Amino acid sequence: MHRTHNCGELTIKNTSEKVTVAGWVQRIRNLGGLTFIDLRDRYGITQLAFNMEVNPELCEKARELGREFVIKAHGTVTERSSKNLNIPTGEIEIIVDNFQILNKSLIPPFTIEENTDGGDELRMKYRYLDLRRPPLRKNLILRHKLAFETRNYLNNCDFLEIETPVLIKSTPEGARDYVVPSRISPGEFYALPQSPQSFKQLLMISGFDKYFQIVKCFRDEDLRADRQPEFTQIDCEMSFVEQDDVLNTFEGLIKYLFKEVKNIELNEFPRMAYSEAMAKYGSDKPDIRFGMQFVELNDVLKGKGFQVFDNAEYIAGICAEGCANYSRKQLDALTDFVRKPQIGAKGMVYIKYNEDGSVRSSVDKFYTEDDLKKVAEKFNAKAGDLILILSGETDHTRKALCELRLEMGNQLGLRNHDVYAPLWVVDFPLLEWNEEDKRFYAKHHPFTSPHIADIDLMDTNPAEVRANAYDMVINGVEVGGGSIRIHDKQMQNKVFELLGISNEEAEEKFGFLLKALQYGAPPHGGIAFGFDRICSLFGGSESIRDFIAFPKNNNARDVMIDSPSPISDEQLKELNLKIIANK
RNA sequence: GGUUCGGUAGUUCAGUUUGGUUAGAAUACGUGCCUGUCACGCACGGGGUCGCGGGUUCGAGUCCCGUCCGGACCGCCA
């Protein structure tokens, strides 16, 4: 008795066919004379029916089954006398004439249903059971589809999928590396790749022209809902291209995925300079599903005797449409929100443009109604709108105002999961000053090429140099980023110089790449997408964990297999390692 | 490294503010009844080291200190 059908495909059309199905017992409903079993597999649920009058022996046997037992059943597809139109197979049932227990099950620690009663930790520990639930099953099927269609699109564009090594070399800058001790070379370590960056550049030098790889990457940093220590990138690189070529090719990929997987047609992605994104949204990954752009107010609010503003480097606000009726309590809650340590604003000023045309603010002492109306004009505010203003040091204030804008977007329901607003953020700065170390770091990575127009600035004002670097942002999520690389050794050396990387260090860490650049490296550039984030975005969720079959928890632990874990003294000895500190 | 929320039945939670009888609910589990259920229904039943350690008290799930574990976030993540 071989399986002839899955549990999702039998319908009224199969009536009176003899079939064999297999799966897990989802639920047993024992009505006395009748017993029903919902049999579940990856494809769906099919009802098995047992009748005490027809076959009492088999019916008794069915009643001994437990949840999650694995069985195989043979019987006849029959139209139900009372139908369940909520499921595709709901018009039929299988009148079972014979079944077999393939395996028993312990009672599962949580219910395996659409909405489980299990908590996060328990579900992680029994991930293989959680994955039986429809929501997670759908997520992994979605992931498969996205990976499949990505390969489809890139293959049609002549990209080759080429694997790069996982045991590689630790690199300076960037995230912490995961390292692997070498047994054969005592005292030496491999590093796991944070990305296949160097290798894909080498493949361009090898002449492969268009490369991609759906590949695991590793970063030893603290986790978030959207950050795992091992994650998957769609890593891509192209030769003989300029920025526009890369942007167009991969805008095409994302549009293709939306069309194929969600049947959504996206318009051309707007391109926004980094400086504009920071000025209007206070973020390099703006959520442009809604407006509420920043308006800078230094010119209208300074010099009226309000010390906080007079002493502020930067004053800016947002206008929340129709919120002038916010109560004192709501405004206090917003003030508390921006004063949370994670956001760190000192306070918040509001201006209410009331329905009756009057203007009231939390700083009426210092500003006349005319002053405040001038502010309202800057926002093109209408009667009924609420203006929220923060001030202080520019970067901090922008960040806080960005959080406030997103919070208001949430409160006003402007961040709908079913709406997708993609854009390119371009013209990132090449370098980023680090006050602690008193040196520049690469904003993207040290192989990113500078704007040709800004090359003179590299000597005079490095902080102002723009890079040929770009991010794709959808709904405030950075889904991908890349750059046109440096393909010239002199330029690469110059950038290392700006980054304070000595010749010796550069030679030690990237000697292979610097050497390769001298053997006819073509101009090239590329992009890497966070595949897990793309999956969660398509699935309408904030957390990438629900789209990874076996994710790690907040402390980078796999609680199911209980890893990381100590290794034996023999293993340590073989690796020439000694543990000097335990927690 | 920091902020914050949480840990009570197999599970999800209430109870902690204001210390006081035998720690409850739902669900899951077990037994019985039930011929059209599909979250079946009804009845009965078993099930607890209140995370752990210490302290205050006549008395601690409840208050204090410490610690462990988990979630979200900040720092960090080229």
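This text goes with the structure placed above it.
In what follows, the accompanying structure is described.

What counts, and at which threshold
- Residues numbered from 1 in each chain as written.
- Chains lettered and ligands numbered in written order.
- Predicted model: local features only at pLDDT ≥ 70, side-chain atom pairs only at ≥ 80, totals over all residues.
- Heavy atoms only, no water.
- Phe/Tyr/Trp six-rings, centres within 6.5 Å; stacked < 30°, edge-to-face > 60°.
- Helix = DSSP H or I, 4+ residues; strand = E, 2+ residues; numbered from the N terminus.
- Buried < 20%, exposed > 50% of the residue type's maximum accessible area, 1.4 Å probe, protein only.
- Lys NZ or Arg CZ within 6 Å of the ring centre and 35° of its normal.
- Pairing = 2+ DSSP bridges.
- Contact = heavy atoms within 4.5 Å.
- Axes fitted to C-alpha atoms, helices over the stretch in contact; angles between N-to-C directions.
- Disulfide = S-S within 2.5 Å.
- Near = heavy atom within 4 Å.
- Polar contact = N/O pair within 3.5 Å; in protein donor to acceptor, adjacent residues only side chain to side chain.
- Nonpolar A, V, L, I, M, F, W, Y, C, P; charged D, E, K, R; others polar.

1. Quick look at the packing of aromatic side chains
The geometry of an aromatic ring pair comes down to the distance between the two centres and the angle between the two planes.
Thinking step 1. Throughout the structure, instances matching the rule amount to 15 aromatic pairs.
Thinking step 2. With centroids separated by 6.4 Å and ring planes inclined at 80°, the aromatic side chains of Phe-306 and Tyr-367 adopt a geometry described as edge-to-face. Of this pair, Phe-306 sits in the loop between α8 (298-301) and α9 (307-310) while Tyr-367 sits in the loop between β15 (359-361) and α11 (369-378), and the two are 61 residues apart along the sequence. Each member of the pair Phe-306 and Tyr-367 is classed as buried.
Thinking step 3. Centre to centre, the rings of Phe-447 and Phe-510 are 5.1 Å apart; their planes meet at 90°, and the pair counts as edge-to-face. Here Phe-447, found in the loop between β19 (439-442) and α13 (457-460), pairs with Phe-510, found in helix α15 (residues 503-516); they are 63 residues apart in sequence, far enough to count as distant. Across this residue pair, the class does not change: Phe-447 and Phe-510 are buried.
Thinking step 4. Three or more aromatic residues joined by ring pairs form one cluster here, namely Phe-306, Phe-309, Phe-366 and Tyr-367.
Thinking step 5. Looking at Lys-61, its charged tip hangs above the ring of Phe-99, at a distance of 4.5 Å from the centre.
Thinking step 6. One residue, Arg-405, lies across the ring of Phe-290, its end atom 4.0 Å from the ring centre.

2. A look at unusual backbone geometry
Thinking step 1. The linkage connecting Ser-563 with the following residue, Pro-564, adopts the cis geometry, with an omega of 5°.
Thinking step 2. Looking at the element boundaries, Pro-564 is found in the loop between α16 (531-538) and α17 (569-574).
Thinking step 3. We note that Asn-380 has phi near 55°; this positive angle belongs to a residue other than glycine.
Thinking step 4. For Asn-380, the position within the fold is in the loop between α11 and β16 (386-392).
Thinking step 5. A relative accessible area of 67% places Asn-380 in the exposed class.
Thinking step 6. Residue Asp-562 is not a glycine yet carries a positive backbone phi of 55°.
Thinking step 7. By the element assignment, Asp-562 lies in the loop between α16 and α17.
Thinking step 8. Judged by its relative accessible area of 45%, Asp-562 falls in the partly exposed class.

3. What to know about the sheet that holds strand β17 (residues 422-426)
Thinking step 1. The eight strands lie next to each other as β6-β9-β10-β22-β21-β20-β17-β11, forming an open sheet whose pairing is mixed. Two strands close off the open sheet at either side, each with one partner strand: β6 (160-161) and β11 (271-273).
Thinking step 2. Here strand β10 (residues 230-239) runs beside strand β22 (residues 524-530); their pairing, made up of seven bridges, is antiparallel. Along β22, the bridge assignment pairs Asp-235 with Ala-528.
Thinking step 3. Where helix α5 (residues 197-205) meets the sheet, its contacts fall on β9 (210-218), β10 and β22, and the angle it forms with β10 comes to roughly 25°.
Thinking step 4. Strands β10, β11, β17, β20 (469-474), β21 (477-484) and β22 of the sheet are contacted by helix α6 (residues 243-262), whose axis makes an angle of about 20° with β20.

4. Notes on the environment of Phe-110
Thinking step 1. Summarising the element assignment, Phe-110 is placed in the loop between β5 (92-103) and α2 (120-125).
Thinking step 2. Beyond its immediate stretch of four places on either side in the chain, Phe-110 contacts Arg-67, Thr-116, Asp-117, Gly-118, Leu-122, Arg-123, Tyr-126, Leu-129 and Asp-130.

5. With respect to the state of the cysteines
Thinking step 1. This structure, assessed with the given rule, holds zero disulfides.
Thinking step 2. Free of any disulfide, Cys-157 has its nearest neighbouring cysteine sulfur in Cys-236, separated by 10 Å.
Thinking step 3. Note on Cys-157: relative accessible area 21%, which makes it partly exposed.

6. As for the sheet that holds strand β4 (residues 70-79)
Thinking step 1. If you walk around this closed barrel you meet the five strands as β1-β2-β3-β5-β4, and the pairing is mixed. Looking at each pair of strands side by side, their axes are set apart by 55° on average, direction ignored.
Thinking step 2. Here strand β1 (residues 18-30) runs beside β4; their pairing, made up of seven bridges, is antiparallel. Bridge pairing in β4 links Val-21 to Ala-73.
Thinking step 3. Sheet strands in contact with helix α1 (residues 56-63) are β1, β2 (34-41), β3 (44-51) and β5, and its direction is about 60° off that of β5.

7. Side note on the environment of Leu-202
Thinking step 1. Here Leu-202 shows up in helix α5.
Thinking step 2. Once the C-alpha coordinates of Leu-202 and Leu-517 are considered, the two residues, 315 residues apart in sequence, prove to be 8.4 Å apart.
Thinking step 3. Setting aside residues up to four positions removed in sequence, Leu-202 forms contacts with Phe-512, Leu-513 and Ala-516.

8. Notes on the protein's contact with RNA strand B
Thinking step 1. In the vicinity of RNA strand B lie 47 residues, with Arg-27, Glu-53, Ala-442, His-444 and Asn-555 positioned nearest.
Thinking step 2. Put simply, 52% of the atoms of RNA strand B that lie within 4 Å of the protein are in sugar or phosphate.
Thinking step 3. For RNA strand B, a base nitrogen lies 2.8 Å from a polar atom in the backbone of Ser-82.
Thinking step 4. The side chain of Arg-224 places a nitrogen or oxygen atom 2.8 Å from a phosphate oxygen of RNA strand B.
Thinking step 5. Going through the elements one at a time, β1, β2, β3 and α2 are the ones with two or more residues in the surface near RNA strand B.
Thinking step 6. No other element matches the three residues that β1 contributes to the surface near RNA strand B.
Thinking step 7. A class-by-class count of the residues in the surface near RNA strand B yields eleven nonpolar, 18 polar and 18 charged.

9. What about the environment of Met-278?
Thinking step 1. Relative to the helices and strands, Met-278 resides in helix α7 (residues 274-281).
Thinking step 2. Note: C-alpha distance between Met-278 and Arg-151 (127 residues apart in sequence) is 34 Å.
Thinking step 3. Look past the residues within four positions of Met-278 in its chain and what remains in contact with it is Ser-283, Asp-284, Phe-294 and Arg-398.

10. A look at the pairing of β3
Thinking step 1. With six of eight residues buried, β3 lies mostly within the body of the structure.
Thinking step 2. Across eight bridges, β2 lies against β3 in antiparallel orientation. Counterpart to Phe-36 in the pairing with β3 is Ala-49.
Thinking step 3. The antiparallel hairpin formed by β2 and β3 contains two residues in its connecting segment.
Thinking step 4. Strand direction decides the pairing type here: β3 and β5, joined by two bridges, are parallel. Across the sheet, the residue bridging to Leu-48 is Ile-94, located in β5.

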